[in-house]
Amino acid sequence: MTYVSLVRPRWTDMDVYGHVNHAKMVTLLEEARIPLLFEGAVSAGLEQLPKGIVVVKLAVAYRRPIVVSGQELRVDIDLTELKAASFTLSYRVHGGPAESDPVAVTAETVLAPYDTVALRPRRLTPPESEFLKQGFADA
């Protein structure tokens, strides 16, 4: 299933051409996944997951510009791969808040849990893997 998040670009997110610039788009993708991966994980009793998740890989493709107009953008997020020590999320950013609004940006992130004490990546625990599967299945 798809997890849906609404994010609102800010006027400061625009570049000189009036479009949301690349760095700000990456921040909006991060803001879209935070409610599930951080707040949702804490609510599920998973204290370690939100303490350390690092982006291993990021790819962003632009289909059309997004202009800041004060409205929210719909971000559809899918769990496309779950491995022992990483997981992949794919994103579809619509040009507005509705599912019918055209997709303006597609993206993919590979994320890995990170041990902030040992300062190294770590494996997902079975409850974390189950949380990710369930979090996207319940969306």
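Our structure's up above, just so we're on the same page.
A brief look at the structure comes next. Because the structure is predicted, anything quoted here is derived from the model rather than measured.

### Some remarks on helix 1 (residues 22–43)
Okay, so step 1: Taking 1.5 Å per residue, 22 residues should reach 32 Å; helix 1 reaches 32 Å between its end C-alpha atoms and fits that length.
Okay, so step 2: Of all the bends found along helix 1, the most pronounced is centred on I34 and spans about 50 degrees, while P35, a proline, follows it within four residues.
Okay, so step 3: Among the residues of helix 1, M25, L28, L29, A32, R33, L36, L37 and A41 are the ones counted as buried.
Okay, so step 4: If you follow the buried residues of helix 1, they end up packed against strand 1 (3–7), strand 2 (53–62), strand 3 (73–82), strand 4 (87–94), strand 5 (103–115) and helix 2 (126–137).
Okay, so step 5: Two or three places before A23, at the opening of helix 1, N21 has a side-chain oxygen 3.1 Å from that residue's backbone nitrogen.

### Comments concerning the pattern of salt bridges
Okay, so step 1: Enumeration according to the criterion identifies 8 salt bridges in this entry.
Okay, so step 2: Ionic pairing is found between D76 and R92, a salt bridge with its closest N-O pair at 3.6 Å. Taken together, the residues span a long stretch of sequence, with D76 in strand 3 and R92 in strand 4 at a distance of 16 residues.
Okay, so step 3: Taking relative accessible area as the criterion, D76 reaches 3% and is therefore assigned buried.
Okay, so step 4: Look at R92 and you get partly exposed, because its relative accessible area is 28%.
Okay, so step 5: Among the salt bridges present, the one from K133 reaches E130, with a minimum N-O distance of 4.0 Å. Taken as a pair, K133 and E130 lie in helix 2 at a separation of 3 residues, close to a single helical turn.
Okay, so step 6: By relative accessible area, which is 45% here, K133 ends up partly exposed.
Okay, so step 7: Judged by relative accessible area, E130 falls into the partly exposed class, the value being 41%.

### As for the environment of D115
Okay, so step 1: Relative to the helices and strands, D115 is located in strand 5.
Okay, so step 2: Along the chain, D115 and V54 lie 61 residues apart, while their C-alpha atoms are 9.9 Å from each other.
Okay, so step 3: Dropping the residues within four chain positions of it, D115 is found in contact with R120 and R122.
Okay, so step 4: Side-chain polar atoms of D115 contact the backbone nitrogen of V117, separated by 2.8 Å.
Okay, so step 5: Within the structure, the side chain of D115 is placed 2.8 Å from the backbone nitrogen of A118, a separation counted as a polar contact.

### Considerations on unusual backbone geometry
Okay, so step 1: Backbone geometry at L119 places phi at a positive 60 degrees, although glycine is not the residue there.
Okay, so step 2: Relative to the elements of secondary structure, L119 occurs in the loop between strand 5 and strand 6 (120–121).
Okay, so step 3: On the accessibility criterion, L119 (59% relative accessible area) is exposed.

Rules used in this analysis
- Residues numbered from 1 in each chain as written.
- Predicted model: local features only at pLDDT ≥ 70, side-chain atom pairs only at ≥ 80, totals over all residues.
- Heavy atoms only, no water.
- Helix = DSSP H or I, 4+ residues; strand = E, 2+ residues; numbered from the N terminus.
- Expected span 1.5 Å × (residues − 1).
- Bend = angle between axes of the 7 residues up to and from the residue.
- Buried < 20%, exposed > 50% of the residue type's maximum accessible area, 1.4 Å probe, protein only.
- Contact = heavy atoms within 4.5 Å.
- Polar contact = N/O pair within 3.5 Å; in protein donor to acceptor, adjacent residues only side chain to side chain.
- Salt bridge = Lys/Arg side-chain N within 4 Å of Asp/Glu carboxyl O.

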